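Coordinate analysis (summary)
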Amino acid sequence: MPLLLVLLLLLPLPAEAWNAAGHRLVAALAWQEMQPQTRERVSALLRQHPDHARWLKRQQEPHDPAYGVFQEASTWPDEIRSDPRFHDADEPPTPLLPGFPNMLRQTHWHYRDEPGVRSEGEIDTRLEWLARELASGRAAGQVYALPWLLHLVADLHQPLHTGGRGDRGGNDFEIENPFNPKKPFMSLHAYWDDLPGPPWLRGKYLDEPLRRLAALERAPQGDVALWLEESREWLARQVYPDTPGTLLPLVTPEFHRRAQAIADARLAAAGRRLGRWLDQLLGPVPRAAGSR
Ligand SMILES: [Zn+2]
């Protein structure tokens, strides 16, 4: 194997933000928050998505399969990173799926770097664009935008998706984590992504974490700019461990408790805000008189 290829394979994979369990939790909370009419509208849109059959097969919701499908759709933007039907910007285009504007993986949509850095990331401006697509009433645009919007509202609430310390959102910042004996050394970004729980959680296994999140105090609704600002405030204060370990900064029991509490608060806020936003964008009474 050529040396360059070996080196490339050794590079860490790009971070995906909250793992799949985190995204399903945010979607589940949003579902609980939404009005019944909004649930029907999002479900009708997801039924038109080319990957609906996959989501339906994978979901394990014992009650309403539409609720399970809604959760599965929220992890879709991470899954297309390794899906051969899609391509990166420097690769040749792949055949279009019906209704899709292009088949780009858009990995730069998931984050924005810290202020002062020339960033390719565009999570905040992209979310505004997706919201306009969703409110437009044009079915193809809505079907394409919905899984992205579900996903990026959650990502925006992960502090390390809004900057870091010049370390690609904590991806290049290694820590020592005694709370994961299988993987005691990991990037700070991966540590935060996995705080919601094991990534396989779905169906009834989400009930208990959902109850924990639903019991938390409600955050004000705000908007994309506020959610970004809040993530950056956490980033500046409490996201990096500052206790030295044997080799690397150490996750102490106190840091771990605090990080878990911050992650819970961010997931709960993301879920409720997403639900309300979807009510506004798709609810029974359109806010702006449109071309619907
Ligand atoms: Zn993401």
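For the structure, check the block above.
Residues numbered from 1 in each chain as written. Predicted model: local features only at pLDDT ≥ 70, side-chain atom pairs only at ≥ 80, totals over all residues. Heavy atoms only, no water.

With that settled, consider the overall build of the protein. Regarding its fold elements, the protein presents 12 helices and four strands. Radius of gyration (C-alpha) of the protein: 19 Å, near the 19 Å computed for a compact globule of 292 residues. By principal-axis analysis of the C-alpha atoms, the protein measures approximately 60 × 50 × 40 Å. Burial analysis of the protein (292 residues in total) assigns 50% to the buried set. A separation of at least 24 residues holds for 70% of the contacts in the protein among residues at least 6 apart in sequence. (Helix = DSSP H or I, 4+ residues; strand = E, 2+ residues; numbered from the N terminus. Rg over C-alpha atoms; globule rule 2.2 N^0.38 Å. Buried < 20%, exposed > 50% of the residue type's maximum accessible area, 1.4 Å probe, protein only. Contact = heavy atoms within 4.5 Å.)

This brings us to the pattern of salt bridges. The full count for this structure, using the stated rule, is 21 salt bridges. With a shortest N-O distance of 3.1 Å, E72 and R58 are connected by a salt bridge. One end of the pair, E72, is in helix α5 (residues 65–73); the other, R58, is in helix α4 (residues 52–58), with 14 residues separating them in the sequence. Take R58: its relative accessible area is 27%, and that puts it in the partly exposed class. Here R273 makes a salt bridge to E230, at a shortest N to O gap of 2.9 Å. With R273 in helix α12 (residues 253–282) and E230 in helix α11 (residues 224–237), this pair connects stretches of sequence that are 43 residues apart. The same class applies to R273 as to E230, namely buried. Among the charged side chains, a salt-bridge network with shared partners connects R24, R58, E72, E79 and R202. (Salt bridge = Lys/Arg side-chain N within 4 Å of Asp/Glu carboxyl O.)

Looking now at the packing of aromatic side chains. For the coordinates displayed, the defined rule picks out 13 aromatic pairs. Ring geometry for F100 against Y144: centres 5.1 Å apart, planes inclined by 80 degrees, an arrangement best described as edge-to-face. With F100 in the loop between α6 (76–79) and α7 (123–135) and Y144 in helix α8 (residues 139–156), this residue pair connects regions lying 44 residues apart in the sequence. Like Y144, F100 is buried. Sitting over the face of the ring of W129, R126 holds its NZ or CZ atom 4.9 Å from the ring centroid. Over the ring of Y240 we find R165; its NZ or CZ atom is 3.8 Å from the centre of that ring. (Phe/Tyr/Trp six-rings, centres within 6.5 Å; stacked < 30°, edge-to-face > 60°. Lys NZ or Arg CZ within 6 Å of the ring centre and 35° of its normal.)

A word on the packing of helix α3 (residues 36–47) against α8. Where α3 meets α8, the axes come as close as 9 Å, and the angle between the chain directions of the two elements is 105 degrees. When the interaxial angle is binned, α3 and α8 end up roughly perpendicular. Of α8, the residues touching α3 (which contributes R41, V42, L45 and L46) are Q142, V143, L146 and P147. Tallied by class, the residues present in the contact of α3 with α8 amount to six nonpolar, one polar and one charged. (Axes fitted to C-alpha atoms, helices over the stretch in contact; angles between N-to-C directions. Parallel < 35°, antiparallel > 145°, perpendicular 65-115°, else oblique. Nonpolar A, V, L, I, M, F, W, Y, C, P; charged D, E, K, R; others polar.)

In this structure, Q158 sits in the loop between α8 and β1 (174–176). On the accessibility criterion, Q158 (0% relative accessible area) is buried. In sequence terms Q158 and A225 are 67 residues apart; their C-alpha atoms lie 14 Å from each other. Discounting chain neighbours no more than four positions away, the residues touching Q158 are W18, H189, W192, D193 and S231. A distance of 2.8 Å separates the side chain of Q158 from the side chain of D193, its partner in a polar contact. (Polar contact = N/O pair within 3.5 Å; in protein donor to acceptor, adjacent residues only side chain to side chain.)

Grouped together as the largest cluster of nonpolar side chains are 72 residues, with contacts concentrated most on F70, L149, Y191, W192 and L278. Element by element, the count of residues in this core is highest for α12, at 12 residues. If near-sequence neighbours (up to four positions away) are discounted, Y191 is found in contact with I175, N177, M186, V251, F255, H256 and A259. (Core = buried A, V, L, I, M, F, W, Y, C linked by side-chain atoms within 4.5 Å.)

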